[in-house]
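An overview of the molecular structure
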Amino acid sequence: MRQIKLNKGLSYTFRQVNGEPITIRKGNAVDVCDADFEYAMETGYFVSVTDGEQKSETPNKPEDGNGVPNFDAMSKAEVFAYAESLELDTSACKTKADCVDLIMSSESVQPDFGE
């Protein structure tokens, strides 16, 4: 058994290998079998939870060539999730653009111009 946690959206439902549906809500860590774990990781909506630490197993966000994520290729939810992964407070952000501005103004994401 392995633990997963929903990383995108508020809830996600899928049918387990035993045929039973499972609904996972954001914020709750859930034990799943190895086959269900693999499926969940392939969706890109989950992170693996090991010993209380989250380890993302989703692919990296596309970058623009300067080491900065390509926010145009990301949905609003992905941008907000990215900001939260940087431990930024998104409570004041109303739009995707607000969230991108917050991310870019943080010291966590700065362009790499190869200096």
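Structure: above.
This write-up is about the structure you can find in this document. Since we're looking at a predicted model, the values are computed, not measured.

Rules used throughout
- Residues numbered from 1 in each chain as written.
- Predicted model: local features only at pLDDT ≥ 70, side-chain atom pairs only at ≥ 80, totals over all residues.
- Heavy atoms only, no water.
- Buried < 20%, exposed > 50% of the residue type's maximum accessible area, 1.4 Å probe, protein only.
- Helix = DSSP H or I, 4+ residues; strand = E, 2+ residues; numbered from the N terminus.
- Pairing = 2+ DSSP bridges.
- Phe/Tyr/Trp six-rings, centres within 6.5 Å; stacked < 30°, edge-to-face > 60°.
- Lys NZ or Arg CZ within 6 Å of the ring centre and 35° of its normal.

**Focus on the pairing of strand β3 (residues 21–25)**
Side chains Ile22 and Ile24 project from β3 onto a buried face, and the interleaved Pro21, Thr23 and Arg25 project onto a face without burial. Where strand β2 (residues 11–15) and β3 come together, five bridges link them in antiparallel fashion. What sits directly across from Tyr12, in β3, is Ile24. The hairpin turn running from β2 into β3, its antiparallel successor, is five residues long, and Gly19 in that turn takes a positive phi close to 95°.

**Overview of the packing of aromatic side chains**
In total, this model carries six aromatic pairs according to the counting rule given. Taking 5.3 Å as the distance between ring centres and 85° as the angle between the ring planes, the aromatic pair formed by Tyr12 and Phe46 counts as edge-to-face. You can see Tyr12 sitting in strand β2 and its partner Phe46 sitting in strand β5 (residues 46–50), a full 34 residues away along the chain. As far as the burial class goes, Tyr12 and Phe46 line up, both buried. The structure contains a cluster of three or more aromatic residues connected by ring pairs, namely Tyr12, Phe14, Tyr39, Tyr45 and Phe46. Above the plane of the ring of Phe37 lies Arg2, whose end atom (NZ or CZ) is 3.7 Å from the centre.

**Some details on unusual backbone geometry**
As a rule of thumb, non-glycine residues mostly have phi less than zero, and peptide bonds are mostly trans rather than cis. Phi is positive for Glu87, close to 60°, though the residue is something other than glycine. Relative to the helices and strands, Glu87 is located in the loop between α2 (76–85) and α3 (96–105).

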